[in-house]
Amino acid sequence: MKLSPRDANVYFGKPDPSKTGLLIYGGDAMRVALKRQEFLKALLGPNAEEEMRLTRIPAAELRKDPAMLPDAVKAIGFFPGPRAALVEDANDNVAKALLEALVDWKTGDAQIIVTGGDLKKTSKVLKAFESHPNAYATAIYDNPPDRAEIERILAEAKLTPEPDAMAALTDLARAIDPGDFRQTIEKLSLYKLSDPTPLTTDDVAACAPTSTEADVDDILHVVAETRTAEIGPVMAKLQAQGVAAVTLTIMATRHFRMLYRIAANPGAPIYGVRDRDRAMRQAKSWGAANLEIALSVLTDTDLTLRSAGQNAPAIALVERAFIRLAMLGAQKNR
């Protein structure tokens, strides 16, 4: 069965121990790993590995020895509690072993948890989990955590934010990678270890990282500063480095959202940026109205990239959107 992102977030917090298994897949390995970690902790508890109730099986090893998975699924544990067999980095090279394990699964066996990369719709592994009546498959997209997920992460860290601090954390979650965001929450937890007072914006500012990926920053500043002639060369460099078109769109959307928040709320705190003065200059140059249009362009581009019928090269679509944005910003300054 297929789980939507919203249903998946609920299920990760309260897994069903009677299910056969779960497939978690997506293009961002860090996001997949964080969701897998969250799910296994909720399903098995914090001491599963010490109690030998979790068996990790790299897909490369399973390919060499397909019997590893059924052995792990059928093994009788020494400690009470739910068990799981985790197959990491799976693809269709291990489809036969996974499909056989799903068919042979019986009540009382260890759950079959599988993680994978950006699996195609034709993937045998994906089809097997989506069509299974007692197993789930869910895709992890390159989206920042929503408010409910941020609240859950804070609750796990035993942190209670003031309203302004919560707004700052929401902005920060949109500006940095999920792994960096969790590390920031861990730093905040240590920072407030002996302080029972609610989390403030000053606390967030003290622990928040001050930079994001520099290479991607280059194109964001080129577009935001309407340097149209530089877009092509910078995009060529990013493409050569393997930066994905969807990643560029997501990062651009976050940057322009940040600029919009600055333009719409002058004097509000700014988080997750290396050069705050530069961001303020960009926001003032564009103005809130033009930034709304820019965000609409980026949203349309993101939807086009994700649509099944899209045939144009993805990186070319993003470059065209960036040129359009730079020209829009240049018109504002005339």
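Report follows, based on the coordinates. (Residues numbered from 1 in each chain as written. Predicted model: local features only at pLDDT ≥ 70, side-chain atom pairs only at ≥ 80, totals over all residues. Heavy atoms only, no water.)

**A closer look at the sheet that holds strand β5 (residues 135–139)**
So, step 1. The strand order across the open sheet built from five strands is β2-β3-β4-β1-β5, with neighbouring strands paired in parallel fashion. One side of each edge strand has no neighbouring strand; the edge strands of this open sheet are β2 (54–58) and β5. In this sheet, adjacent strand axes meet at a mean angle of 15° when their direction is disregarded.
So, step 2. With five bridges connecting them, β2 and strand β3 (residues 84–90) associate as parallel partners. (Pairing = 2+ DSSP bridges. Helix = DSSP H or I, 4+ residues; strand = E, 2+ residues; numbered from the N terminus. Axes fitted to C-alpha atoms, helices over the stretch in contact; angles between N-to-C directions.)

**Focus: unusual backbone geometry**
So, step 1. One non-glycine residue, K158, adopts positive backbone phi at about 60°.
So, step 2. Mapped onto the elements of the fold, K158 is located in the loop between α7 (147–156) and α8 (163–175).
So, step 3. For K158, a relative accessible area of 76% gives the class exposed. (Buried < 20%, exposed > 50% of the residue type's maximum accessible area, 1.4 Å probe, protein only.)

**A closer look at the packing of aromatic side chains**
So, step 1. Enumeration according to the criterion identifies four aromatic pairs in this entry.
So, step 2. Ring centres of Y11 and F39 lie 5.7 Å apart, and the angle between their planes is 35°; this geometry places the pair in the tilted category. Of the two residues, Y11 sits in helix α1 (residues 5–13) while F39 sits in helix α2 (residues 29–44), which places them 28 residues apart along the sequence.
So, step 3. You can call F39 buried: its relative accessible area is 0%.
So, step 4. Ring-pair connections join several aromatic residues into one group, and the members of that group are Y11, F12, F39 and Y136. (Phe/Tyr/Trp six-rings, centres within 6.5 Å; stacked < 30°, edge-to-face > 60°.)

**A short note on the pairing of β5**
So, step 1. Within β5, five of the five residues are buried, which leaves it mostly tucked inside the rest of the structure.
So, step 2. Residues A135, A137 and A139 line one face of β5 and the alternating positions Y136 and T138 line the opposite face, and both faces are buried.

**A closer look at the pairing of strand β1 (residues 21–25)**
Working note: regular strand, side chains alternate between the two faces of the sheet.
So, step 1. Among the five residues in β1, five count as buried, and that is most of the element.
So, step 2. Because side chains alternate across β1, one face comprises the buried residues G21, L23 and Y25, and the other comprises L22 and I24, equally buried.
So, step 3. Across five bridges, the pairing between β1 and β5 is parallel. Bridging from a neighbouring strand, L22 pairs with Y136 of β5.

**Remarks on the packing of helix α13 (residues 245–264) against helix α14 (residues 276–286)**
So, step 1. In the contact formed by α13 and α14, the axes pass within 8 Å of each other and the chain directions differ by 75°. Regarding the angle of α13 to α14, the classification is roughly perpendicular. Along its contact with α13, which presents H255, F256, M258, L259, I262 and A263, the element α14 presents A279, M280, Q282, A283 and W286. (Parallel < 35°, antiparallel > 145°, perpendicular 65-115°, else oblique. Contact = heavy atoms within 4.5 Å.)

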